[in-house]
Amino acid sequence: MNLILLGPPGAGKGTQAKILAKKFDIPQISTGDILRGAVKEQSPMGIKAKGYMDSGSLVPDEVVVGIVKERLTKPDCSKGFILDGFPRTVIQADALKLTLGDMGKAIEHVISIVVDKEELLARITGRRTCRSCGKGYHLSFDPPKKVGVCDECGGELFQRDDDSEATMRNRLDVYEKQTAPLIDYYGHDSLLRTIIGTGSIDEIKQNILTGIKDGTV
Ligand code: ADP
Ligand code: ADP
Ligand code: ZN
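Residues numbered from 1 in each chain as written. Chains lettered and ligands numbered in written order. Predicted model: local features only at pLDDT ≥ 70, side-chain atom pairs only at ≥ 80, totals over all residues. Heavy atoms only, no water.

Quick notes on the nonpolar core
Ranked by size, the top nonpolar core spans 28 residues in total, and within it Leu83, Leu96, Ile107 and Tyr186 carry the most contacts. Counting residues per element, this core draws most heavily on helix H4 (residues 61–72), at 6 residues. In this structure, Leu96 is in contact with Ile4, Val68, Leu72, Leu83, Phe86, Pro87, Ile107 and Tyr186, ignoring residues within four places of it in sequence. Counting 21 residues, the second-largest nonpolar core is a separate cluster that includes Ile26, Leu121, Ile124 and Ile195. (Core = buried A, V, L, I, M, F, W, Y, C linked by side-chain atoms within 4.5 Å. Buried < 20%, exposed > 50% of the residue type's maximum accessible area, 1.4 Å probe, protein only. Helix = DSSP H or I, 4+ residues; strand = E, 2+ residues; numbered from the N terminus. Contact = heavy atoms within 4.5 Å.)

Written out as structure tokens, the structure is:
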């Protein structure tokens, strides 16, 4: 089960990737999470990536392609993987195809999650994440039981630096210009399954599972 979750910031890729990863017992590979980890550690890659991330631009293709190539060779990817937030450009998609081809693998489904802009803005501004376990919440749509505290592990919830109103608009523009062309790219390969990303988290999960099973949505 080799999946890509494609969609604008706030579409619910991370939320759904975590659910599917648990269900299928395969890893969620989030380039955003990996990059945020590198920024936190202040590794050379993190130092380089920070400026791009803070302004809502894409980190250079060669950096993220390098991250994903290395991650895909780990043994936990043998049964499959869920790419969350990668690829984000045609160059990244081409590099992924080549890398997987060399490994005798291929992408099986690309789930494109569609959510309108107003809803995306509301989701991103209310997004909160657990500092310890990474679980995602929303202040209004999916709040924790206790304000500021993770239900799962008691960790502290924080707001991402790039989830500000100003940066968010740039991220949505970047998505339209650089990432949305992948919808046609994977449409041509007949890998694309389009899912309406509004409704309950559980309904969306069900629609994704149906799309994966039928091969059409
Ligand atoms: P979101 O969940 O809102 O879509 P991510 O956590 O996936 O955001 O990404 C956060 C930031 O990390 C992006 O704005 C970008 O700067 C960088 N990033 C993540 N994935 C990629 C990628 N595949 N290519 C380039 N930059 C990326
Ligand atoms: P992405 O990874 O695509 O940027 P996330 O999974 O982080 O998106 O979701 C963005 C925000 O929207 C989070 O605060 C999350 O709790 C919330 N969210 C996710 N799915 C839904 C949904 N179906 N309805 C309402 N809010 C949602
Ligand atoms: Zn937690």
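Digging into the environment of Ile201
Looking at the secondary structure, you find Ile201 in helix H9 (residues 201–214). According to the relative accessible area criterion, Ile201 is partly exposed, its value standing at 34%. Separated by 121 residues in sequence, Ile201 and Gly80 place their C-alpha atoms 23 Å apart. With near-sequence residues (within four places) excluded, Ile201 lies in contact with Thr15, Gln16, Ile19 and Asp142.

Some words on the site of ligand 2
Around ligand 2 sit 17 residues, and of these Gly10, Lys13, Thr15, Arg127 and Tyr137 come closest. One of the backbone N or O atoms of Gly14 is found 2.8 Å from an oxygen atom in ligand 2. Within the backbone of Gly199, one N or O atom sits 3.0 Å away from a nitrogen atom of ligand 2. Here ligand 2 has 570 Å² of accessible area as a free molecule, and 90% of this is covered by the chains. Sorting the residues of the shell around ligand 2 by element identifies helix H1 (13–24), strand S6 (136–138) and H9 as the ones contributing at least two each. Ranked by residue count, the leading element in the shell around ligand 2 is H1, at 3 residues. (Near = heavy atom within 4 Å. Polar contact = N/O pair within 3.5 Å; in protein donor to acceptor, adjacent residues only side chain to side chain. Areas by Shrake-Rupley, 256 points an atom, 1.4 Å probe, with all protein chains shown as cover.)

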